[in-house]
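Structural features, examined
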Amino acid sequence: MRITFKLLLTGILIFLSWSLSAQKVTISGYIKDASTGENLIGATVFNSNYKTGTITNNYGFYTLTVQEADTLGIVYSFIGYKPQTKKIATIKDLTIDIQLASSDNSLDEVVINAKRNDNNVKKAQMGVIDVPLKQINTLPAIGGENDILKVSGGIGLLSSNLTLEGPIKKEKGSFIISGRRSYIDLLAKPFIPKNKNNTNYYLYDLNAKFNYTLTDKDRLYLSFFTGLDDAKYTGVNSLNYGLNIGNRTGTFRWNHLFSNKIFSNTSVIYNEYHNSLTTSQGQYVEQQYSGIRDLNAKTDWEIHPNTNHSIKAGLFYSYNTFIPATTSNKISKKGTVPTLATDSIPRRYSNQLAFYVSDEIKFSSAFSANLGVRLPMFLSTGAKYSAIEPRVTLKYSVSPNASLKASYTEMNQFLHLVPSSTASLPTDIWISSSKVIKPELSRQYSLGYFKNFNNNSIETSAELYYKILLFEAAEKT
């Protein structure tokens, strides 16, 4: 009865939001960086005639439905870039791709008067803070290092990085490859006593991305990342430890435009994580290993009937492999530490499937809402769980630069990270739900006040939330 009532309630909420009004003309396209060809996420598209607008999605795509007019003024802008204004005759649907040039590349003095994006106040969304990439690159770095990889190379005190980028085919495709490696281990080696020559630390990461435009409606993306942190320490009383933490991921993504109002993104993703810990003292050694591998496939759709509706829907599937291992041994007389077999404990497997749909609807200039539902299902050996997760966010504008927001969200968690509260070193272990380990459910209520100052150059917000955590939340079937 509980699931039936929640499903009925969610269906009513979404049904009420589908008050679609007919519009005449749709303008859509991609917004990119003119120098690198990278898609700009969150760029603003503003219709100066009717004072309406939109922003680009996570793939740089935008769609704006407007009424017919002899001439429309469309302003394209993004923080750190010179805006462009297009005068458009709207007699039919149009596809307009825009390339914005960085304002840093201007040789002459340019004065730009533009209004900063106020989506943090206007959108029915909570618990999210957007930081533009241009702003991230200007932030001060601690120790001379930035966590975000730049489109540049350099030699630092602790590490060096190198980035290579270029076209695959002019106006069709491009690539970027970036790597970083620390050399703390090399710099510290002369200062480490010989009896502690096993003390060592280094890190590296490699990031690569390729994109190619097949047609006006199809774009392909391929990305890869691998990173490793490796630390060894020889301490007093012959206490030694070794820590090896690594991540690896690869993504193949396909963007497709079914029409100027329907955008889809389909991805196949591989993730891999491991945490290996070795501790030894005297003649004994203990080893622990925890790994998780995911193979994911998902498709996400965005439908924009008009400026008052933004409908999103998607399907997700994940196949998870859990790799636990542990052993205690005596070190050989030669001092050789035995290799830990990662299959010493049987591996566990699980499957996740989920469907979601949401509609961000604007009822008036002051009131809007985001209504949605997610339907997850989890399958493991001897266990099967399903649930219904409603999500509701309401926004009311109390002034042009301030708004009140309230939200309710339900979420089920089927994978669990088990940390150790006694060990001083990281020994986190991933486990999945089963007949013994039940899923967790969170119900969160949030209330927030958002206000901008000085023409949106200063953003402030205050949020309160109340969360309820429950075990054995999902329905067992």
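Starting from 1, residues in each chain are numbered consecutively following that chain's sequence as written. The predicted nature of this model means local features are confined to residues of pLDDT at least 70 and side-chain atom pairs, given and counted, to a pLDDT of 80 or more, with totals for whole chains, interfaces and linings taken over all residues. Hydrogens are left out, water is left out, and the side-chain values use all remaining heavy atoms of the structure.

Further remarks concern the overall build of the chain. Along the backbone of the chain there are 4 helices and 27 strands. The burial tally for the chain puts 37% of its 477 residues in the buried class. Accessibility throughout is a Shrake-Rupley quantity obtained with a 1.4 Å probe, and a residue counts as covered only by protein chains that appear here. With the model as given, the accessible surface of the chain reaches about 27400 Å², and the carbon-plus-sulfur share is 59%. Counting from the N terminus, the helices are the DSSP runs of H or I reaching at least four residues and the strands are the DSSP runs of E reaching at least two. Here the term buried applies to any residue with accessible area under 20% of the maximum for its type, exposed to any over 50%, and partly exposed to those in between, with areas from a 1.4 Å probe on protein chains only.

Here the focus is the nonpolar core. Working definition of a nonpolar core: buried Ala, Val, Leu, Ile, Met, Phe, Trp, Tyr and Cys residues. They are joined through side-chain atoms within 4.5 Å. Among the nonpolar cores identified, the biggest contains 20 residues, and Ile27, Ile31, Ile74, Tyr76, Ile96 and Leu100 are the most heavily contacted of them. Within the residue set of this core, elements represented by two or more residues are strand 1 (25-33), strand 4 (61-66), strand 5 (69-77) and strand 8 (98-100). Broken down by element, the residue count for this core peaks at 4 residues, all from strand 5. Contact criterion: two residues are considered in contact whenever any of their non-hydrogen atoms come within 4.5 Å of each other. Excluding anything up to four places from it in sequence, Leu100 contacts Ile31, Lys32, Asp33, Ala34, Leu40, Tyr76, Ser77, Phe78, Tyr81, Lys82 and Gln84. Counting 8 residues, the second-largest nonpolar core is a separate cluster that includes Tyr273, Phe378, Ala383 and Leu415.

The subject of this paragraph is the pairing of strand 18 (residues 348-362). Only strands joined by at least two bridges in the DSSP assignment are considered to pair. The pairing of strand 17 (residues 309-330) with strand 18 spans 14 bridges and is classified as antiparallel. Paired with His309 across the strands is Ile361, a residue of strand 18. Sheet topology note: the strand 18/strand 19 (residues 367-380) ladder contains 13 bridges and is antiparallel. What sits directly across from Ser358, in strand 19, is Gly372.

Attention shifts here to the pairing of strand 2 (residues 44-47). Of the two faces of strand 2, only one is covered, namely that formed by Val45 and Asn47; the face formed by Thr44 and Phe46 stays uncovered. Summarising the sheet, strand 2 and strand 3 (residues 52-55) pair through 4 bridges and their orientation is antiparallel. Across the sheet, Phe46 pairs through a bridge with Gly53, a residue of strand 3. Between strand 2 and strand 3, which pair antiparallel one after the other, the connecting turn spans 4 residues, and Lys51 there sits at a positive phi close to 55°.

Quick look at the pattern of salt bridges now. Any Lys or Arg side-chain nitrogen located within 4 Å of an Asp or Glu carboxyl oxygen qualifies as a salt bridge. Inspection of the entire model under this criterion finds 6 salt bridges. Lys209 serves as the salt-bridge partner of Glu38, at 3.3 Å between the closest nitrogen and oxygen. Of this pair, Glu38 sits in the loop between strand 1 and strand 2 while Lys209 sits in strand 12 (residues 200-215), and the two are 171 residues apart along the sequence. Take Glu38: its relative accessible area is 27%, and that puts it in the partly exposed class. With relative accessibility at 25%, the residue Lys209 sits in the partly exposed group. Of the charged contacts in the structure, one is a salt bridge between Glu389 and Arg391, with a shortest N-O distance of 3.1 Å. Using a relative accessible area of 1% as the deciding quantity, one classes Glu389 as buried. Ionic contacts of the salt-bridge type, sharing partners, join the residues Arg374, Glu389 and Arg391 into one network.

Here we take up the side chain of Ser264. Structurally, Ser264 can be placed in strand 15 (residues 262-281). Those residues in contact with Ser264 that sit more than four places away from it in its chain are Trp254, Asn255, His256, Phe258, Asp300 and Trp301.

To pair, rings of Phe, Tyr and Trp, with the six-membered ring standing in for Trp, must have centres within 6.5 Å; the planes then decide the type, stacked if under 30 degrees apart, edge-to-face if over 60, and tilted in the middle. All chains considered together, the criterion is met by 12 aromatic pairs. Ring centres of Tyr62 and Tyr76 lie 5.6 Å apart, and the angle between their planes is 70°; on these two criteria the pair is classed as edge-to-face. Taken together, the residues Tyr62 in strand 4 and Tyr76 in strand 5 connect sequence positions 14 residues apart. Residue classification places Tyr62 among the buried positions, given a relative accessible area of 1%. The exposure class assigned to Tyr76 is buried, which follows from its relative accessible area of 0%. Here the aromatic cluster, defined as three or more aromatic residues joined through ring pairs, consists of Tyr30, Tyr59, Phe61 and Phe263. Should the NZ of a Lys or the CZ of an Arg lie within 6 Å of a ring centre and within 35 degrees of the ring normal, that charge is described as sitting over the ring. Against the face of Phe450 rests Lys405, its NZ or CZ located 4.2 Å from the ring centre.

This brings us to the side chain of Asn296. In this fold, Asn296 is placed in strand 16 (residues 284-306). According to the relative accessible area criterion, Asn296 is buried, its value standing at 10%. Throughout this description, a polar contact denotes any pair of N or O atoms lying within 3.5 Å of each other; where both atoms belong to protein, one of them has to be capable of donating a hydrogen while the other can accept it, and for residues adjacent in sequence the pair is counted only when both atoms sit in side chains. At a separation of 2.6 Å, a polar atom in the side chain of Asn296 contacts the side chain of Ser318.

This part covers the environment of Ile31. As for its placement among the helices and strands, Ile31 is situated in strand 1. Put simply, Ile31 and Ile98 are 67 residues apart on the chain and 4.7 Å apart in space, counted from C-alpha to C-alpha. What Ile31 contacts, discounting residues up to four positions off in sequence, is Glu38, Asn39, Leu40, Ala43, Val45, Thr56, Gly60, Tyr62, Tyr76, Ile98 and Leu100.

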